Amino acid sequence: MQFTQIEFLLFLGLILLAVWRCRTRVTRNLILLAASYYFYSYWDYRFCGLLLLSTAVDYFVAERIVRASGRRAKRAWLLVSLCVNLGVLGFFKYFNFFIDSAAALFESWQLHPGTLNIILPVGISFYTFQTLSYTIDVYRGKIRPSNSLLDFALYVAFFPQLVAGPIVRASELLPQLSQRPEWSGRRFYSGFQLALCGLVKKVLLADRLGEVVDVVFAAPQLYGGLTMWLAVIGYAGQIYYDFSGYTDIAIGVAKMLGYRFPKNFRHPYLATSVADFWHRWHMTLSRWLRDYLYIPLGGSRCSSFRTNINLITTMGLGGLWHGAAWTFVLWGLWHGAALVCERELRKRIELRKVVWLGRLSTLLVVLFGWVLFRSASLDQFTTVIGQLLFQSPGIAWYPPLAMTAITIMILEHAAWTTRLRIAMRLRADRWYTPIATTVLVWCLLLYAPRGFTPFVYFQF
Amino acid sequence: MPAPDLRHPTAVAILYRSIGQLAHVNSCNDAHNLAFPVDRSHPDRQFGTAFPGALMFRRWITGVLIGTALVGVTSPLFVRSYVPRTNDPVRGVAVLQPGAHYRWRSEGYATTRIGPMGMPGKTSFPAEDRSAIRLTLWGDSQAEGVCVDDHDKIAAQLSRLSSDQIQIYPFARSGDDCNDWIPQIAALAENTETRGRIDAHVFLIVEWSDWCIEIDESPESISTTFSTISATLPAFVIQTVRNIITRGDGTTRRRLRFRPGPVDAVRAGNVSGPVDQSNVRIESQSKLLALQLQRLRQGCDQPCIFVYAPMIPAITDGQVRWNDPDQRLFERFQRHCADHGFHVIDGRPAMKSAAIEGEWPRGFHNGQFGVGHYNASGNRIIAERLLDVRDRITPSDGSLSLDEAKD
């Protein structure tokens, strides 16, 4: 089930009504758990077993880690969790990728390995990282294991964040689930506004841009250089509004239910450096990679060379997390290399002095990265880059709706740097809020593109 | 508006109370959070401490009205129109109401004025000129020139290119096929006001499905409900309801699904097979085509000209399709036309040349190039190809008059 479907609105209405009437916390959590499993099974009921497996293994392993006496035993239990979670993720997401990548090697041995027809379970990357963070935090002694299987199962499967994040830590959500949230009109309204803004971002901006981006990237050789630039900028807008729209809806829905999720985006295209970009883009993934990969590798507390290697490794694996394709790995490595360059430059030059230059250069690095991210193959990537740089002739296509969406993106980012951002929050006590809300709802009903477009991050 | 008595809870009172609670909660928050103002001097305070529910209620009601008005006023810029249909006594079919303006907003951005007898883009008949050739144009939405400005439609471009020596009366309607055109041609021939005043009939063939169909002589039914809705409700309201109750194509009724997945791909309609090029298919299509052409010949004395301009060149799945997959059927068609004395114009080479030069005949900036309807260039190419009829058709002495047509 997707947040943009009418079915979801009806589902959410029922859930809100049910939990509002609920007297006890356990009943409330039971309803939410059942709703979350239904939400997941709406896509494919057969994969609910994976969710159950992940939940059961990590709940059990966390208890065992606490009970284990020696460090070795604790580590062994942690290893069990890592093997199961990463094994499941590796099989479902990366099996065919590794087989394809090693095909040349196999063929030199006269072996012809076939690939399996494996369906990628929706949200597996997100809930795997979430359960892993729980077990690792328990192992590190940062949190105590949950004493309620119901709460933990709900933490793993909670429907607003189940399929595309934000990646919520156990320390953030489990304490909230262990008590019944009080009804708050303010929180409900705030959640509603956030969800509405998320829908607008997804349906009116991301999907409109996607219509153009998909067509141009399907045949980049046919389109002229300027159209290609439009498509690349459009993709930057599409992926941002798609993912941040999803996150806004997730956070908004959770808020309406009485729970608080961490922020995931902070206008990333206003970043003044690549490091700053990663503090603004998919923030929950960035901090996950930082805490569970970069720091364990040694972080920046080692030699400069080793730190640079750590950065590149972390970003490369972060790229691989996004998808089983070399373009994703290269995208991660590209960002890693940019972070390294920036780090080295920072030692020699004071980069913060010229903000606009920082923003522009970061934007170019990010845009180049998005070309890698969006390209289905390296051939397509080279074609797109060729069109961008050498301005080859081709179809000159400038769709007004996509140009409008890009203009809105630029204006929205510009407004965010001014006092106008207060108005953009649509506070309930402002005279314009009812008008703006009505217009947004009408626009959603009236101008949503026909046809159904899934969220970009569902494929990860 | 008087505030309701909260001692007797009615639906309105409950709503007021809820808003009041919401407002009360918000009034307790700091300045950085959402804060509802509490006007202590306001008369609503009589309902209890800090109860600005009535104020909020009024504000939201006003806001909803203003917001809706804003959307309504600006919607003609972005939303297509819905024009009622009326029965045209001359053609004997339902046509868009003459005098109406039809806004196209999906692919191209244009407004079409509906002329007499429901002719799109042709609002008046030119002054009688006995030397001009008068043609009717039959076809579907491609011939109708949807999403194309009136001065770029085939009729206007042909008139310009021929210095008004060829006049086209565009009778094409979106969704029509030969079962609609042939009876209309017969009706025009029988009508005393139009008989003998048309020199030839032109058919634009884009899809073979418009001709390769069984003969159907059942009369067209006009939905009065849709016409009433189109005439009374604003377009943005109709469009909103349509968006909610139909799926992506705008016509199939939306069905909500609540059962768990996976969804069968076949049932979801995601399967598209390759074009069937088998002899069996071509034979059956050719047979249907022959029957329809024979029917046309029997019902029409005037010369008939077919312009073949199928969906190529096209961009599908990231590839440019240059070759016509229906070439064999077209060859059969040419033979049938030769048997009946119909003239065939092949529009494909001109379309291909235009695309090679970067001027795609189909698609719009608002939609996508290489797919969809013919744009201004496509309409011009068709008009240019129709200039050839000057060598084949001689004008008769009859002419269609606007006043007569209106009757």
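Overview of the structure.

Rules of the game
Residues numbered from 1 in each chain as written. Chains lettered and ligands numbered in written order. Predicted model: local features only at pLDDT ≥ 70, side-chain atom pairs only at ≥ 80, totals over all residues. Heavy atoms only, no water. Helix = DSSP H or I, 4+ residues; strand = E, 2+ residues; numbered from the N terminus. Buried < 20%, exposed > 50% of the residue type's maximum accessible area, 1.4 Å probe, protein only. Contact = heavy atoms within 4.5 Å. Areas by Shrake-Rupley, 256 points an atom, 1.4 Å probe, with all protein chains shown as cover. Pairing = 2+ DSSP bridges. Patch = residues over 30% accessible without salt bridge, like charges linked within 9 Å, V, L, I, M, F, W, Y side chains within 5 Å. Salt bridge = Lys/Arg side-chain N within 4 Å of Asp/Glu carboxyl O. Lys, Arg positive; Asp, Glu negative; His and termini not counted. Charge placed at Lys NZ, Arg CZ, Asp CG, Glu CD. Polar contact = N/O pair within 3.5 Å; in protein donor to acceptor, adjacent residues only side chain to side chain. Disulfide = S-S within 2.5 Å. Buried area = accessible area lost by both parts, 1.4 Å probe. Nonpolar A, V, L, I, M, F, W, Y, C, P; charged D, E, K, R; others polar. Axes fitted to C-alpha atoms, helices over the stretch in contact; angles between N-to-C directions. Expected span 1.5 Å × (residues − 1). Parallel < 35°, antiparallel > 145°, perpendicular 65-115°, else oblique. Left-handed = near helix turned anticlockwise from the far one by under 90°.

What follows concerns the overall build of chain B. When you go through chain B residue by residue, the secondary structure sums to twelve helices and eleven strands. Buried positions account for 47% of the 407 residues belonging to chain B. For chain B, contacts bridging at least 24 residues in sequence account for 69% of all contacts bridging at least 6. Accessible surface for chain B amounts to roughly 19,800 Å². Of this, 54% is attributable to carbon and sulfur atoms.

This brings us to the pairing of strand β1 (residues 85-88) of chain B. Residue and element names in this part refer to chain B. Summarising the sheet, β1 and strand β2 (residues 93-96) pair through four bridges and their orientation is antiparallel. Looking across to β2, one finds that N87 is bridged to A94. Hairpin connection between β1 and β2: a loop of four residues separates the two successive antiparallel strands, and G92 in this loop has a positive phi of roughly 75 degrees.

Right, let's talk about a positive patch on the surface for a bit. Residues and elements named next belong to chain A. Residues K263, R266, R421 and R425 make up a contiguous surface patch of positive charge. Tracing the backbone through its elements, the reader meets R266 in the loop between α10 (225-257) and α11 (274-278). Judged by relative accessible area, which is 35%, R266 ranks as partly exposed.

All names here are of chain A. On the secondary structure map, R280 appears in the loop between α11 and α12 (283-294). On the accessibility criterion, R280 (15% relative accessible area) is buried. From its side chain, R280 meets the backbone oxygen of H267 in a polar contact 3.1 Å long. Discounting residues that sit within four places of it in the chain, R280 has contacts with N264, F265, R266, H267, P268, L270 and A271.

Residues and elements named next belong to chain B. The buried count for strand β5 (residues 133-138) comes to six of six residues, which makes it a mostly enclosed element. Burial along β5 is two-sided: I133, L135 and L137 and R134, T136 and W138, pointing in opposite directions, are all buried. Pairing of β5 with strand β6 (residues 166-170) involves five bridges; the strand directions are parallel. Note that in β6 the partner of I133 across the bridge is I166. By the bridge criterion, four bridges tie β5 to strand β7 (residues 200-205) in an arrangement that is parallel.

Next up on the list: the state of the cysteines. All names here are of chain B. The tally for this structure, following the rule as stated, stands at zero disulfides over all chains. C212 takes part in no disulfide bond, and the closest cysteine sulfur, belonging to C178, lies 8.4 Å away. Under the relative-accessibility criterion, C212 is labelled buried at 10%.

What follows concerns the interface of chain A and chain B. Taken together, the 46 residues of chain A in the interface contact 53 residues of chain B. When the two sides are added together, the surface that chain A and chain B hide from each other amounts to roughly 4,200 Å², 66% of it contributed by carbon and sulfur. Looking at the side of chain A facing chain B, the largest losses of area belong to A:R186, A:W442 and A:R450, adding up to 17% of the total buried there. Scanning the region where chain A abuts chain B turns up nine residue pairs in polar contact (both at pLDDT 80 or more). Contributions of two or more residues to the side of chain A that touches chain B are made by α1 (6-21), α2 (25-44), α9 (185-218), α17 (400-416) and α19 (432-447) of chain A. When residues in the side of chain A that touches chain B are grouped by element, the largest group, ten residues, is from α19(A). A breakdown of the residues in the side of chain A that touches chain B according to their chemical character gives 29 nonpolar, nine polar and eight charged.

Once that is clear, we can look at the sheet that holds strand β11 (residues 343-346) of chain B. The strands that make up a sheet pair up through hydrogen bonds in the backbone, lying either parallel or antiparallel. Residue and element names in this part refer to chain B. Read across the sheet, five strands follow the order β6-β5-β7-β8-β11 without closing on themselves; strand pairing throughout is parallel. Only two strands of the sheet have a single partner each, and these edge strands are β6 and β11. Across the sheet, the mean angle separating the axes of adjacent strands is 25 degrees when strand polarity is ignored. Pairing of β7 with strand β8 (residues 304-308) involves five bridges; the strand directions are parallel. Pairing of V202 across the sheet is with I305, part of β8.

On to helix α2 (residues 53-74) of chain B, then. The end-to-end C-alpha distance of α2(B), which contains 22 residues, comes to 31 Å, matching closely the 32 Å that a straight helix rising 1.5 Å per residue would cover. Of all the positions in α2(B), only B:G53, B:A54, B:M56, B:F57, B:R59, B:G63, B:G67 and B:V71 are classed as buried.

Residue and element names in this part refer to chain A. Running from amino to carboxyl end, helix α4 (residues 71-101) crosses helix α13 (residues 304-322) at an angle of 105 degrees, the nearest separation of the two axes being 10 Å. As judged from the angle between their axes, α4 and α13 are roughly perpendicular. Counting all contacts with α4, which are made through K93, Y94 and F97, the residues of α13 involved are L320, W321 and H322.

For the rest of this paragraph, the subject is the packing of α13(A) against helix α14 (residues 326-348) of chain A. All names here are of chain A. Packing of α13 against α14 leaves a shortest axis separation of 7 Å and a crossing angle of 150 degrees. Here α13 lies roughly antiparallel to α14, going by the angle between them. When the axes of α13 and α14 are compared, the crossing they make is right-handed. The class makeup of the residues in the contact of α13 with α14 is eleven nonpolar, nine polar and three charged.

Throughout the structure, instances matching the rule amount to 28 salt bridges over all chains. Among the ionic pairs, A:R25 bridges to A:D151, the shortest N-O distance being 2.9 Å. Here A:R25, found in helix α2, pairs with A:D151, found in helix α7 (residues 149-157); they are 126 residues apart in sequence, far enough to count as distant. Owing to a relative accessible area of 4%, A:D151 belongs among the buried residues under this scheme. Across the pair B:D176 and B:R173 runs a salt bridge whose closest N-O atoms are separated by 2.8 Å. Neither residue differs from the other here; B:D176 and B:R173 are each classed as buried.

Attention now moves to the environment of B:R255. Of note, B:R255 is situated in the loop between α7 (235-245) and α8 (279-299). Each C-alpha atom of the pair B:R255 and B:I245 lies 8.3 Å from the other, and the pair is ten residues apart in sequence.

Nothing here speaks to function; it is all geometry.
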